[in-house]
Amino acid sequence: MEREAMDREILEIVDQMFRRELQVSHFDPDALLVDYGLDSLRSITLVVEMEAAFGIRISDEQAAGMRTLRDVVEQVSMALGVQAGSGGVDA
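(A) Representation of the overall build of the protein within the structure. Along the backbone of the protein there are four helices and zero strands. Overall, the protein shows an N-to-C arrangement of helices and strands of α-α-α-α. Taking all 91 residues of the protein together, 32% fall into the buried category. Put simply, 60% of the contacts in the protein that link residues at least 6 apart link residues at least 24 apart.

(B) Representation of the side chain of T68. The residue T68 is located in the loop between helix 3 (60-64) and helix 4 (69-85) in this model. Among the polar contacts listed, one links the side chain of T68 to the backbone nitrogen of D71, at a separation of 3.0 Å. If near-sequence neighbours (up to four positions away) are discounted, T68 is found in contact with P29, D30, A31, L32 and L33.

(C) Examining the pattern of salt bridges more closely. One pass over the full model with this rule turns up five salt bridges. One salt bridge connects E49 with R20, and the closest N-O pair in it is separated by 2.1 Å. Of this pair, E49 sits in helix 2 (residues 40-54) while R20 sits in helix 1 (residues 3-22), and the two are 29 residues apart along the sequence. Taking relative accessible area as the criterion, E49 reaches 25% and is therefore assigned partly exposed. On the accessibility criterion, R20 (52% relative accessible area) is exposed. A salt bridge links E51 to R57; the shortest N-O distance between them is 3.3 Å. On the basis of relative accessible area, R57 is assigned to the exposed category, the value being 66%.

(D) Quick look at helix 1. For helix 1, with 20 residues, the first-to-last C-alpha span of 27 Å sits near the 28 Å given by 1.5 Å per residue. A positive backbone phi angle near 55 degrees is found at Q23, which sits one or two residues after helix 1.

(E) Representation of the packing of aromatic side chains within the structure. Enumeration over the complete set of coordinates arrives at two aromatic pairs. With a centroid separation of 6.2 Å and 85 degrees between ring planes, the pair formed by F18 and F27 is classed as edge-to-face. Members of the aromatic cluster, joined through ring pairs, are F18, F27 and Y36.

Rules and cut-offs
- Residues numbered from 1 in each chain as written.
- Predicted model: local features only at pLDDT ≥ 70, side-chain atom pairs only at ≥ 80, totals over all residues.
- Heavy atoms only, no water.
- Helix = DSSP H or I, 4+ residues; strand = E, 2+ residues; numbered from the N terminus.
- Buried < 20%, exposed > 50% of the residue type's maximum accessible area, 1.4 Å probe, protein only.
- Contact = heavy atoms within 4.5 Å.
- Polar contact = N/O pair within 3.5 Å; in protein donor to acceptor, adjacent residues only side chain to side chain.
- Salt bridge = Lys/Arg side-chain N within 4 Å of Asp/Glu carboxyl O.
- Expected span 1.5 Å × (residues − 1).
- Phe/Tyr/Trp six-rings, centres within 6.5 Å; stacked < 30°, edge-to-face > 60°.

What follows is the structure, given as structure tokens:
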């Protein structure tokens, strides 16, 4: 899958997760997530949900760097790329 297409698919999935958890109808991918009400508890919940949905691991340091929805997409995409490059099996 092309990187751009994969990023769009990831954006669609994480956008739905974040909208549901934060109870908002629309996200600006470049707006700070804290402006939408993201706090530490919701952040942990969403990281666990993303790890399960995508079959990846997100470290605390990586999670701390995800300040916008675009950051989240980039981190998930990189984690999936590393996984694929390390001989991981696609589900």
